[in-house]
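Descriptive analysis of the structure
Spelled out from the first residue to the last, the chains are:
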Amino acid sequence: MSEQSPRPRKPGKPYRRPQKDPVRILAFEALRAVDERDAYANLVLPPLLRKARDKGDFDARDAALATELVYGTLRRQGTYDAIIASCVDRPLREVDPPVLDVLSLGVHQLLGTRIPTHAAVSASVELARVVLGDGRAKFVNAVLRKVAQDDFDTWVERVAPPYDDDPEDNLAIVHSHPRWVVSALWDSLGGPRAGIEDLLEADNERPEVTLVARPGRSTIDELLREEAALPGRWSPYAVRLSEGGEPGAVAAVKEGRAGVQDEGSQLVALALANAPLDGPDEKWLDGCAGPGGKAALLAAVAAERGATLLASEKQPHRAGLVARALAGNPGPYQVIAADGTRPPWRPDSFDRVLMDVPCTGLGALRRRPEARWRRRPEDLDGFAPLQRGLLRTALESVRVGGVVGYATCSPHLAETRAVVDDLLKQFPHTELIDARPLLPGVPALGDGPDVQLWPHLHGTDAMYLALIRRTG
């Protein structure tokens, strides 16, 4: 099946103006931004939705549909690509990206939603007429009519290799993850097929919005008065908005007394804050603080104990985000823009140090589904020196008897235990603290002493935490 060029209109045939559908046009614009500018959907989509609402084009149902079309298409992009590839007569890389985006949106409506087949095809063809032209719309129509002949499960059985022949490739297509990501997650998770399938499927589910009530500034009782709000599962400061909702409309969030923060991120900060120390507990450091969620929670807890927090972030604009997150904190704190691998503070200065290091982000694929297609295995080599350098700074910055928390939003072993093991060899006067008791009530934390959280087991991002005490 070939992509067609525009053809001249036949004499006497009336021209029908394409019908503009604001929802699908917005979804297409979001996908183009992700593809063309390497943008993230969670940053691109909200301003597009606000603009549409301000113009009067959208109501809440329209916004919900546009959000589902964008995120659903991105999450299942690998599976949809395999299906589309089987319906065209050329390599997928030779299909123009805007055409592929329209096709992917159409395939998601056909195979991933309850939109009736005829409506999914006709709406996609109309979108193609508006954004691509009549000739390419015919190509879109032909491909989607072929896709519509079978359901999702039938298509997956057709395009994925049998599990027994190639387990990782099967799981990659069935659950729409790159093969190398499947392999890395399975290595870190361990266990049988059921566990990795549950994890991959959890990556494809829409996560709940989780709020944090910053101690001394808000309470979970205040946040629980919001519509469809439920207590968090594990963090004493967490509240879940079970039906999504608009967190920016919550008064405490708008005023900075609460924030949007995954429960795994809250648990990491609280575990460090509650780790046992030898000696004073007065000076805390968040050495990689942007965009500020953990720093705001740490600053609030520190204020309750009479401790101070220094929040450092290399990028000035991200340091600005940290400063906004901490504004209004009742206790003393400082925010600086500084390179954590060349710190301006003296060694042995802090009682508690958090280093939540830059990483591949493979633990947050629920929230940033496009990241799975953007990352490459070679990215690990780029992050490795930085991760080791930041942990080295943390271990040099903490005093004897103090505690360092090394955290990543990635479960990849090269970014977690490999980094910690390497640095412990270089710093023999250190010891790992068992982090599991510092996450009370949280099940399935493994053999310790470090902790790996999982979306399918804990409902959180796949946060990793190792707690290290300096002993000499």
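Heads up: these notes are all about the structure in this document. (Residues numbered from 1 in each chain as written. Predicted model: local features only at pLDDT ≥ 70, side-chain atom pairs only at ≥ 80, totals over all residues. Heavy atoms only, no water.)

What to know about the overall build of the chain
- Helix and strand content of the chain: 20 helices and twelve strands.
- Relative to the globule expectation of 23 Å for 472 residues, the C-alpha radius of gyration of the chain, 25 Å, shows essentially globular dimensions.
- The C-alpha extent of the chain, read off along each of the three principal axes, is 90 × 50 × 40 Å.
- Each of the 472 residues in the chain was classed as buried or not, and the buried ones make up 54%.
- Expressed as a percentage of contacts within the chain between residues at least 6 apart in sequence, the contacts between residues at least 24 apart total 73%.
- When the accessible surface of the chain is totalled, it reaches about 20900 Å², and 50% of it is carbon and sulfur.
- Here the chain contributes 60 positively and 66 negatively charged side chains, and the mean placements of these two sets differ by 6 Å. (Helix = DSSP H or I, 4+ residues; strand = E, 2+ residues; numbered from the N terminus. Rg over C-alpha atoms; globule rule 2.2 N^0.38 Å. Buried < 20%, exposed > 50% of the residue type's maximum accessible area, 1.4 Å probe, protein only. Contact = heavy atoms within 4.5 Å. Areas by Shrake-Rupley, 256 points an atom, 1.4 Å probe, with all protein chains shown as cover. Lys, Arg positive; Asp, Glu negative; His and termini not counted. Charge placed at Lys NZ, Arg CZ, Asp CG, Glu CD.)

Considering unusual backbone geometry
- Gly290 connects to Pro291 through a cis peptide bond whose omega is 0 degrees.
- With respect to the secondary-structure elements, Pro291 resides in the loop between β5 (283-286) and α15 (293-305).
- Note the cis peptide between Gly448 and Pro449, where omega equals -5 degrees.
- Tracing the backbone through its elements, the reader meets Pro449 in the loop between β10 (430-433) and β11 (451-452).
- Residues other than glycine seldom take positive phi values, yet Asp38 does so here, at roughly 55 degrees.

What about the packing of helix α1 (residues 22-37) against helix α2 (residues 41-55)?
- Orientation of α1 relative to α2, taken along the N-to-C sense of each, is 145 degrees, at an axis distance of 10 Å. As α1 runs across α2, the sense of the crossing is right-handed. Each of Leu26, Glu29, Ala30, Ala33, Val34 and Arg37 in α1 lies in contact with α2, whose residues at this interface are Ala41, Val44, Leu45, Leu48, Leu49 and Ala52.
- Looking at the contact of α1 with α2 residue by residue, the class counts come to ten nonpolar, no polar and two charged. (Axes fitted to C-alpha atoms, helices over the stretch in contact; angles between N-to-C directions. Left-handed = near helix turned anticlockwise from the far one by under 90°. Nonpolar A, V, L, I, M, F, W, Y, C, P; charged D, E, K, R; others polar.)

Looking at the sheet that holds strand β4 (residues 258-260)
- Ordered by their spatial adjacency, four strands build an open sheet running β2-β3-β1-β4, and the pairing between neighbours is antiparallel. Edge positions in the open sheet fall to β2 (229-231) and β4, since each of these has one partner strand only. Averaged over neighbouring strand pairs, the angle between their axes works out to 30 degrees when direction is ignored.
- Examined bridge by bridge, strand β1 (residues 209-213) and strand β3 (residues 238-241) share four bridges and lie antiparallel to one another. From the neighbouring strand, Leu211 faces β3, where its bridge partner is Val239. (Pairing = 2+ DSSP bridges.)

Focus on the side chain of Glu415
- With respect to the helices, strands and loops of the structure, Glu415 is situated in the loop between β9 (398-408) and α19 (417-426).
- Within the buried set, Glu415 has no salt-bridge partner at all; the shortest N-O distance to an opposite charge, 7.5 Å, is to Arg375.
- Within polar-contact distance, the side chain of Glu415 engages the side chain of Ser410 at 2.6 Å.
- The contacts of Glu415, once residues within four sequence positions are left out, are Cys359, Thr360, Leu380, Phe383, Gln387, Tyr406, Thr408 and Ser410. (Salt bridge = Lys/Arg side-chain N within 4 Å of Asp/Glu carboxyl O. Polar contact = N/O pair within 3.5 Å; in protein donor to acceptor, adjacent residues only side chain to side chain.)

Here we look at helix α7 (residues 134-147)
- The first and last C-alpha atoms of α7 sit 20 Å apart over 14 residues, in line with the 20 Å expected at 1.5 Å per residue.
- Listing the buried residues of α7 in full gives Gly135, Ala137, Phe139, Val140, Val143, Leu144 and Val147.
- Lining the buried residues of α7 we find α4 (77-85), α5 (97-112), α6 (117-131) and α8 (152-159). (Expected span 1.5 Å × (residues − 1).)

Some details on the side chain of Asp101
- Secondary-structure assignment places Asp101 in helix α5.
- Owing to a relative accessible area of 8%, Asp101 belongs among the buried residues under this scheme.
- Leaving out residues up to four positions away in the same chain, Asp101 has contacts with Phe28, Leu31, Arg32 and Asp35.

Quick word on α15
- For α15, spanning 13 residues, the distance from its first C-alpha to its last is 19 Å, which sits close to the expected 18 Å at 1.5 Å a residue.
- Buried within α15 we find Lys294, Ala295, Ala296, Leu297, Leu298, Ala299, Ala300, Val301 and Ala302.
- Contacts from the buried residues of α15 go to β1, α14 (263-274), β5, β6 (308-313), α16 (316-326) and β8 (350-356).
- Following α15 by one or two positions, Gly306 adopts a phi angle in the positive range, close to 80 degrees.

What about the pattern of salt bridges?
- What the rule picks out here adds up to 34 salt bridges.
- Across the salt bridge formed by Arg193 and Glu197, the nearest N and O atoms sit 2.9 Å from each other. Of the two residues, Arg193 and Glu197 both sit in helix α11 (residues 193-203), four residues apart, roughly one turn of that helix.
- Of the charged contacts, one joins Asp339 and Arg342 as a salt bridge, the two residues approaching to 3.5 Å between their closest N and O atoms.
- Look at Arg342 and you get exposed, because its relative accessible area is 67%.
- Connected through shared salt-bridge partners, Arg32, Asp35, Glu36 and Asp101 make up one network.

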